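Breakdown of the fold
Read off the chains here:
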Amino acid sequence: DAGVIQSPRHEVTEMGQEVTLRCKPISGHNSLFWYRQTMMRGLELLIYFNNNVPIDDSGMPEDRFSAKMPNASFSTLKIQPSEPRDSAVYFCASTKGQGDPPQHFGDGTRLSIL
Amino acid sequence: KQEVTQIPAALSVPEGENLVLNCSFTDSAIYNLQWFRQDPGKGLTSLLLIQSSQREQTSGRLNASLDKSSGRSTLYIAASQPGDSATYLCAVKVGSSNTGKLIFGQGTTLQVKP
């Protein structure tokens, strides 16, 4: 049973470039979460979707960040233009059903903006 | 605003010791509290979940307690092993069961020496 798959695992790019992070949730899961982890701020929720619909995007830092979930098996997090302070590890997680099922995390994308 | 604090930030113990990790939160209006484990370069793995109406949960050598009124939780690890070395994060769920989100602490990095 494949877990949450994120790509790329590592991304190094220059500031000002567009960055797209990808996530494939576990098949059958209907909620998807994007998190950012930094030493300074820890793990923060950016946005989450339920049945492909964005429910809470209050954690998205600014307009340079956008997320989409065009179908149940794919989501993207885009940063345009990227800045050095966006450097972090970005995690995607998914879960199934209502109530409190555990969130299953991907291994993350380590993003470095030079 | 809900804030979650974990003390200590790092802990080193010899193999076989029993140990306690602490987590505190500022607002007692939580839906549940969860403990996660994170290995280097990996995502999070859910360990234990305590509903707001519960006092504790156990899984193997792990026991988590919750005192909602005082805003505290502890994770007790019995007979620690080198394989327990990881970062442990606690998170509180705020909001509702279906639309709530997790607020994470900064984590405690545990090293168990053989």
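Below is a summary of the structure that appears in this document. Keep in mind it's a predicted model, so treat the numbers as computed, not measured.

What follows concerns the overall build of chain B. Looking only at helices and strands, chain B features zero helices and 11 strands. When the helices and strands of chain B are read in sequence order from the N terminus, they spell out β-β-β-β-β-β-β-β-β-β-β. Referenced to the eigenvectors of the C-alpha coordinate spread, the extents of chain B come out at roughly 40 × 30 × 20 Å. In chain B, buried positions account for 42% of the 114 residues. Long-range pairs, those at least 24 residues apart, make up 54% of the contacts in chain B with a sequence separation of at least 6. Accessible surface, chain B: about 5,400 Å² in total, of which carbon and sulfur atoms supply 48%. Placing the 10 positive and 8 negative side-chain charges of chain B at their respective mean positions leaves the two points 7 Å apart.

Take the pattern of salt bridges next. One pass over the full model with this rule turns up 12 salt bridges over all chains. Where A:E62 meets A:R64, a salt bridge forms, and the shortest distance between an N and an O atom there is 2.8 Å. Between B:R61 and B:D84 there is a salt bridge whose closest N-O contact spans 2.8 Å. Here B:D84 lies in the loop between β8 (72-77) and β9 (86-94) and B:R61 lies in the loop between β6 (56-59) and β7 (62-67), a separation of 23 residues in the sequence. On the accessibility criterion, B:R61 (30% relative accessible area) is partly exposed.

Another point: the pairing of strand β3 (residues 19-25) of chain B. Residues and elements named next belong to chain B. Only one face of β3 is covered, namely the face carrying L19, L21, C23 and F25; the face carrying V20, N22 and S24 is uncovered. As paired strands, strand β1 (residues 4-7) and β3 are joined by four bridges and run antiparallel to one another. Across the sheet, the residue bridging to I7 is N22, located in β3. Bridge analysis of β3 against β8 gives six bridges, and the strand direction is antiparallel. Bridge pairing in β8 links V20 to Y76.

Residue and element names in this part refer to chain A. Here H104 shows up in strand β10 (residues 104-105). For the pair H104 and D63, spaced 41 residues apart in the sequence, the C-alpha separation amounts to 27 Å. Dropping the residues within four chain positions of it, H104 is found in contact with V4, I26, H29, C92, A93 and S94.

Basis of the calculations
Residues numbered from 1 in each chain as written. Chains lettered and ligands numbered in written order. Predicted model: local features only at pLDDT ≥ 70, side-chain atom pairs only at ≥ 80, totals over all residues. Heavy atoms only, no water. Helix = DSSP H or I, 4+ residues; strand = E, 2+ residues; numbered from the N terminus. Buried < 20%, exposed > 50% of the residue type's maximum accessible area, 1.4 Å probe, protein only. Contact = heavy atoms within 4.5 Å. Areas by Shrake-Rupley, 256 points an atom, 1.4 Å probe, with all protein chains shown as cover. Lys, Arg positive; Asp, Glu negative; His and termini not counted. Charge placed at Lys NZ, Arg CZ, Asp CG, Glu CD. Salt bridge = Lys/Arg side-chain N within 4 Å of Asp/Glu carboxyl O. Pairing = 2+ DSSP bridges.

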